[in-house]
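Read off the chains here:
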Amino acid sequence: MITRKPSKVLAVLALLLVPFSWGAQRAETFPEAVEKAGSDGVIAYCYGPDWNARSVHLLKTFWQTPAAEEAAGNAVMVAVPFYERSEAKGAEDASRIRGDMPDPAFSVCPSVMFFDKNGKKYAEFQGSDYLGSDDECTEGLKNMRMYLEALRKQQELLAKAEPLVGMEKAKVLVEVGKLPIPTPEDYLQQLELADPTDKLGGIRRKTFDALKFMYKQLDTPDGFLKPDFEADYAQMKKDCLAIFEDEAYSARDRQAVLNLLIGQSRREAIQANQLKGYIKKVHKADPETDYGKLSPTLVNLWGNMKHKLTPEERKAAREAKRAKAKEKKARKRDERRAKDTIEIE
């Protein structure tokens, strides 16, 4: 009996008959991708052909796979090379492929960048932390779905808010502000008109800047502490907890201010159990943020400290703190006296 192997033609036809569940398109250049883009926009994969071997490897194992196309929904996918050497083979064509697409943050590759249908960037993630350490980039696929879903949800909510007024509109807009992507340029203006007293907390959530808050607490304009700076721990604790306990703020901002308190609390040598309690609060607020993921490690490092200050060490620390405060007070008094003398003369 003679058997025949299926011909290559039949094999190809069989593959073509398999129903595919993804709808992503691919483009050769970023300008072409924007031109083709619909409501799901564009998703670009950035790689470094002449300097980042892993990013090139992931082109095949991650970016050019059905799994990536499924995660991209109906977005247009494009791979964009970023060369380190202008004389490298292929570098000349890279500018044509890129068009007016911005560089990934800090020029990191591999990166995945997300653009709306107009070519405006709304999200980005990079490296093993967000792509995952496996060749299939399991974490990256999850993040692709998350950001694309956020874009779709934003479009849905904005359409819902359009005909509404007052607090009904504000309620929908607050939900827009909770999504992990930037809000429209006129978002804050719309929210202020709908909820001028910020009853729902959307305005303070949108306008809060964790870095500026930290600088204010540390009395610094640029992040460098003054030589005579002495933190007012009681006031810092009050201010940080007020922000953290207000759930109108984003989880990440709430975690950031509590981390500031955690750092100062450790310098103040508070009890390990209390420090551990703060760290656990950070984790509970959102385990998936950078701060949330770090918290379990921080509990082990700082919350289970074997060394405890002796009574003598605590006394010495208190005396040093009082001496520093006394010196600061005396210096200010001398400055006032000097100023008074100049004015009298």
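Caption draft 1: A look at the overall build of the protein. Counting its secondary structure elements, the protein contains 16 helices and 5 strands. Residues classed as buried in the protein amount to 38% of the 345 residues present. A total of about 21,500 Å² of accessible surface is found on the protein, and carbon and sulfur atoms cover 55% of it.

Caption draft 2: Just the pattern of salt bridges, in detail. Scanning the entire structure with this criterion turns up 20 salt bridges. Lysine 36 is the salt-bridge partner of glutamate 32, the closest N and O atoms lying 2.9 Å from each other. Of the two residues, glutamate 32 and lysine 36 are both situated in helix α2 (residues 30–36); the distance of 4 residues between them amounts to about one turn of the helix. A relative accessible area of 26% places glutamate 32 in the partly exposed class. Relative accessible area serves as the criterion here: at 35%, lysine 36 is assigned to the partly exposed category. Between aspartate 228 and arginine 331 there is a salt bridge, with its nearest N and O atoms 2.8 Å apart. Of this pair, aspartate 228 sits in the loop between α11 (210–217) and α12 (233–244) while arginine 331 sits in helix α16 (residues 311–344), and the two are 103 residues apart along the sequence. A residue is classified by how much of its surface remains accessible, and aspartate 228, at 28% relative accessible area, is partly exposed.

Caption draft 3: Looking closely at the confidence of the model for the protein. Confidence in the prediction for the protein averages 89 pLDDT; 89% of positions are at 70 or higher. Per-residue pLDDT stays below 50 along residues 1–22; that stretch engages in 5 contacts with residues further than four places along the chain or on separate chains.

Caption draft 4: Structural detail: the layout of surface pockets. Computed from the structure, the largest pocket encloses a volume of approximately 1,100 Å³. As for the largest pocket, its lining consists of 31 residues, and the residues nearest its centre are Tyr147, Leu179, Pro180, Ile181 and Arg252. Its residues placed into classes, the lining of the largest pocket shows 12 nonpolar, 6 polar and 13 charged.

Caption draft 5: Focus on helix α3 (residues 53–63). Buried within α3 we find Ser55, Leu58, Leu59, Phe62 and Trp63. Taken around the axis of α3, the buried residues stretch over an arc of 125°, which confines them to a single face. Of the exposed residues in α3, those oriented more than 90 degrees away from the buried face are Ala53 and Lys60.

Caption draft 6: How the structure looks around the pairing of strand β5 (residues 121–126). Most of β5 sits inside the fold, with 5 of its 6 residues counted as buried. Taken together, the 5 bridges between strand β4 (residues 111–115) and β5 define a ladder with antiparallel strand orientation. Looking at the pairing, phenylalanine 114 lines up with alanine 123 of β5. The hairpin formed by β4 and β5 contains 5 residues between the paired strands, and glycine 119 there has a positive phi angle of roughly 85°.

Caption draft 7: Broad picture of the sheet that holds β5. Across the sheet, 5 strands lie side by side as β1-β3-β2-β4-β5; this open sheet has mixed pairing. Looking at the sheet topology across the chains shown, the edges are occupied by β1 (25–26) and β5. Sheet topology note: the strand β2 (residues 42–47)/strand β3 (residues 76–81) ladder contains 6 bridges and is parallel. By the bridge assignment, tyrosine 45 is partnered in β3 with alanine 79. The strands touched by α3 within the sheet are β1, β2, β3 and β4, with β2 carrying the most contacts at an inclination of about 140°. Where helix α7 (residues 138–161) meets the sheet, its contacts fall on β2, β4 and β5, and the angle it forms with β5 comes to roughly 165°.

Caption draft 8: Broad picture of the packing of α7 against helix α8 (residues 166–177). Look at α7 against α8: their axes get within 9 Å of each other, and the N-to-C directions meet at 165°. Viewed along their axes, α7 and α8 adopt a mutual orientation that is roughly antiparallel. For the pair α7 and α8, the crossing hand works out as left-handed. Contacts from Gln154, Leu157, Leu158, Lys160 and Ala161 in α7 reach Lys169, Val172, Leu173, Glu175 and Val176 in α8. Residue composition of the contact of α7 with α8, grouped by class: 6 nonpolar, 1 polar and 3 charged.

Caption draft 9: Here's a closer look at the pairing of β3. Judged by how many residues are buried, β3 sits mostly within the fold: 5 of 6 residues are covered. Inspection of the sheet shows β1 paired to β3 by 2 bridges, in the parallel sense. Of the residues in β3, the one forming a bridge with glutamine 25 is valine 76.

Caption draft 10: Highlighting the environment of leucine 148. Tracing the chain through its elements places leucine 148 in helix α7. For the pair leucine 148 and aspartate 116, spaced 32 residues apart in sequence, the C-alpha to C-alpha distance is 9.7 Å. When sequence neighbours within four positions are dropped, the list of residues in contact with leucine 148 reads Asp40, Ala71, Ala72, Gly73 and Tyr122.

Caption draft 11: Broad picture of helix α5 (residues 91–98). For α5, the complete set of buried residues consists of Ala91, Ala94 and Ile97. Seen from one end, α5 has its buried residues packed into an arc of 90°, which puts them on one side. Residues of α5 that are buried sit in contact with α2 and β3. Remark: glycine 99 follows α5 within two positions and exhibits a positive phi of approximately 65°.

Here is what the cut-offs are and how they apply
Residues numbered from 1 in each chain as written. Predicted model: local features only at pLDDT ≥ 70, side-chain atom pairs only at ≥ 80, totals over all residues. Heavy atoms only, no water. Helix = DSSP H or I, 4+ residues; strand = E, 2+ residues; numbered from the N terminus. Buried < 20%, exposed > 50% of the residue type's maximum accessible area, 1.4 Å probe, protein only. Areas by Shrake-Rupley, 256 points an atom, 1.4 Å probe, with all protein chains shown as cover. Salt bridge = Lys/Arg side-chain N within 4 Å of Asp/Glu carboxyl O. pLDDT = per-residue confidence, 0-100. Contact = heavy atoms within 4.5 Å. 1 Å grid on protein atoms, 1.4 Å probe; cavity = no way out; pocket = protein on both sides within 12 Å on 5 of 7 lines; lining within 4 Å. Points joined across faces, edges and corners; volume = space filled by probe spheres on them. Nonpolar A, V, L, I, M, F, W, Y, C, P; charged D, E, K, R; others polar. Arc of directions from axis to C-beta. Pairing = 2+ DSSP bridges. Axes fitted to C-alpha atoms, helices over the stretch in contact; angles between N-to-C directions. Parallel < 35°, antiparallel > 145°, perpendicular 65-115°, else oblique. Left-handed = near helix turned anticlockwise from the far one by under 90°.

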